[in-house]
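Okay, here's what each chain looks like letter by letter:
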Amino acid sequence: VPEATTLLEELERLRPSEYVLPKSLAEEEGFVAGLRAIRPARFSPLDDAHFSLEAAREILLSHFKVVSLEAYGCENLPLAVRAAGAALHYLKENQISDLAHLNRLSTYHLSDFMMLDSSTRRNLELTETLRDGKVKGSLFGVLNRAMTAMGARLIRRWINQPLLDPARINERLDAVEELVNNNFLRADLRRLLDGLYDVE
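Structural notes, computed from the coordinates. (Residues numbered from 1 in each chain as written. Predicted model: local features only at pLDDT ≥ 70, side-chain atom pairs only at ≥ 80, totals over all residues. Heavy atoms only, no water.)

**What to know about the overall build of the chain**
A tally of regular secondary structure across the chain gives 10 helices and two strands. Written out in order from the N terminus, the α and β elements of the chain read α-β-α-α-β-α-α-α-α-α-α-α. Its C-alpha atoms give the chain principal-axis dimensions of roughly 55 × 40 × 35 Å. Here the chain, with 200 residues, has 26% of them falling under the buried criterion. The contacts of the chain with a sequence gap of at least 6 include a subset with a gap of at least 24, amounting to 59%. (Helix = DSSP H or I, 4+ residues; strand = E, 2+ residues; numbered from the N terminus. Buried < 20%, exposed > 50% of the residue type's maximum accessible area, 1.4 Å probe, protein only. Contact = heavy atoms within 4.5 Å.)

**Here we look at the pattern of salt bridges**
A full pass over the atoms with the stated rule returns six salt bridges. The shortest N-O distance in the salt bridge between Arg13 and Glu10 comes to 2.7 Å. Taken together, the positions of Arg13 and Glu10, both in helix α1 (residues 2–14) and three residues apart, correspond to about one turn of that helix. A relative accessible area of 11% means that Arg13 is categorised as buried. (Salt bridge = Lys/Arg side-chain N within 4 Å of Asp/Glu carboxyl O.)

**A look at the packing of helix α4 (residues 53–64) against helix α5 (residues 78–94)**
Two elements in contact, α4 and α5, have axes separated by 8 Å at closest approach and are oriented at 65 degrees. Our pair here, α4 against α5, has a crossing hand that is left-handed. Residues Leu53, Ala56, Arg57, Ile59, Leu60 and His63 of α4 lie in contact with α5, whose contacting residues are Pro78, Val81, Arg82, Ala84, Gly85, Leu88, His89 and Lys92. Tallied by class, residues from the contact of α4 with α5 come to eight nonpolar, three polar and three charged. (Axes fitted to C-alpha atoms, helices over the stretch in contact; angles between N-to-C directions. Left-handed = near helix turned anticlockwise from the far one by under 90°. Nonpolar A, V, L, I, M, F, W, Y, C, P; charged D, E, K, R; others polar.)

Shown next, in the form of structure tokens:
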């Protein structure tokens, strides 16, 4: 099934440490075996009811205090709404804090990025080397001069999801050029970021 292959490739790129999934799907041994082949991860099954479109929409609308999900780009993406709603329910059930810091929801489309399958990413040594699986020596290891964990994650995401839209590519290049050419701005920014907590 092409959709299942695409999903597994995207999960291979993301390499999650935990899967929150419906109990009915967690009982499908073939699918679970495919997930386990990506990397060892924790499985957290939820009742299927939490993945219903109605329940998911309700918890998202309530949490974000909105009447529509249009501003978040997922009003017409029922599978995205179901996944986000179930994930939010899971967090509310398992976190001590009130999650007020979760104040936005964003979506992305695979068509916005160059798709690189797992063997291509491995052979190009984008985030780890072929020889020993270390970051040092990979493209990410060479490029990462981030001052924060958030910045390092952003660089890793950019490497794993190359843009296709020339306008967005040029925006990113313009931002990099600005910091390369303006030493004082770059030094001030690095000083401000140094020691910043991981707030992402």
